[in-house]
Amino acid sequence: MKNKFLKDLSIKNRSVRTETIIRDALNDFEKHINKPIETAVWDDVLSYIEYLNTKFASSTIGLYKSKLKQFYSYCFDETDDPKYRKIAKKLSGVIESEKKLEPKDILIESDILK
């Protein structure tokens, strides 16, 4: 599935840099879990995120997580296997929950000024 995903990216004329980033993210994850990426479970993803937190800046971590989400969403679209959908959906939650909220995100300006 990984090879098909990467081949589809090149067919869609993604930039070389985009393809490289995606390939690096997927290969790094696969190396970390020491098994094919298609067989990963959520605990593998959590372990990888913990590993990323010790090695990289938050922007790189977010990029790698978004590429994993892209891959697992693709896998679900291609196979309809719910395990892929579950991982992609959980990755969405992880990515969203890490966004920092500011008062202006939840209050209107007049409430902030009070």
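Now for a description of the structure that goes with this document.

Conventions used here
- Every chain is numbered on its own, with residues counted from 1 as its sequence reads.
- With the structure being a predicted model, the display of local features is reserved for residues of pLDDT at least 70 and the display and counting of side-chain atom pairs for 80 or more, all residues being used for whole-chain, interface and lining totals.
- With hydrogens and water set aside, each side-chain value is computed from the structure's full complement of heavy atoms.
- The numbering of helices and of strands both runs from the N terminus, where a helix is a DSSP run of H or I of at least 4 residues and a strand a run of E of at least 2.
- The rule is simple: take the accessible area with a 1.4 Å probe, protein chains only, and divide by the maximum for that residue type; under 20% is buried, over 50% is exposed, in between is partly exposed.
- For this count, His and the chain ends are skipped, Lys and Arg are scored as positive, and Asp and Glu as negative.
- A pair is scored as a salt bridge if a Lys or Arg side-chain nitrogen falls within 4 Å of a carboxyl oxygen belonging to Asp or Glu.
- In this text, buried Ala, Val, Leu, Ile, Met, Phe, Trp, Tyr and Cys residues form a nonpolar core when linked through side-chain atoms within 4.5 Å.
- In what follows, residue pairs with any heavy atoms lying within 4.5 Å of each other are defined as contacts.
- Every angle, taken between N-to-C directions, lies between 0 and 180 degrees, and every axis is a line fitted to C-alpha atoms, over only the stretch in contact when it is a helix.
- Geometric relationships in this document are graded by angle, where less than 35 degrees denotes roughly parallel, more than 145 denotes roughly antiparallel, 65 to 115 denotes roughly perpendicular, and other angles denote oblique.
- In the scheme used here, Gly and all other residues not listed as nonpolar or charged are polar, with Ala, Val, Leu, Ile, Met, Phe, Trp, Tyr, Cys and Pro taken as nonpolar and Asp, Glu, Lys and Arg as charged.
- Any two rings among Phe, Tyr and Trp, with Trp reduced to its six-membered ring, count as a pair given centres within 6.5 Å; such a pair is stacked if its planes are under 30 degrees apart, edge-to-face if over 60, and tilted if neither.

### Some remarks on the side chain of Asp28
Mapped onto the secondary structure, Asp28 falls in helix α2 (residues 16-33). This buried residue, Asp28, is left without a salt bridge; Lys31 holds the nearest opposite charge, at 5.8 Å.

### Regarding the pattern of salt bridges
Tallied over the full model, the rule gives four salt bridges. A salt bridge links Glu30 to Lys2, with the shortest nitrogen-to-oxygen separation between them at 2.6 Å. One end of the pair, Glu30, is in helix α2; the other, Lys2, is in helix α1 (residues 2-11), and 28 residues separate them in sequence. Linking Lys35 and Asp44 is a salt bridge whose minimum nitrogen-to-oxygen distance equals 2.9 Å. Among the charged side chains, a salt-bridge network with shared partners connects Lys4, Asp8 and Glu78.

### Let's talk about the nonpolar core
Counting 26 residues, the largest nonpolar core has Phe5, Leu26, Phe29, Leu68, Tyr72 and Leu91 as its most contacted members. Those elements that place two or more of their residues in this core are α1, α2, α3 (42-55), α4 (58-79) and α5 (82-97). The greatest single-element share of this core, amounting to seven residues, is contributed by α4. Each residue touching Phe5, except ones within four places of it in the same chain, is listed here: Ile22, Leu26, Gln70, Phe71 and Tyr74.

### Things to note about the packing of α1 against α2
Running from N to C, α1 and α2 cross one another at 170 degrees; their axes reach a closest spacing of 10 Å. Taken together, the axes of α1 and α2 lie roughly antiparallel to each other. Touching Lys2, Phe5, Leu6, Leu9 and Ser10 of α1 are Glu19, Ile22, Arg23, Leu26, Asn27 and Glu30, all from α2. Split into classes, the residues belonging to the contact of α1 with α2 amount to five nonpolar, two polar and four charged.

### Quick notes on the packing of aromatic side chains
Under the definition given, this model contains seven aromatic pairs. Where Phe71 meets Tyr72, the ring centres are 5.0 Å apart and the plane angle is 70 degrees; that geometry is what we call edge-to-face. One exposure class covers both Phe71 and Tyr72, and it is buried. Centre to centre, the rings of Tyr72 and Tyr84 are 6.1 Å apart; their planes meet at 25 degrees, and the pair counts as stacked. Of this pair, Tyr72 sits in helix α4 while Tyr84 is found in helix α5, placing the two residues twelve residues apart along the sequence. Across the pair, Tyr84 and Tyr72 agree in class, each one buried.

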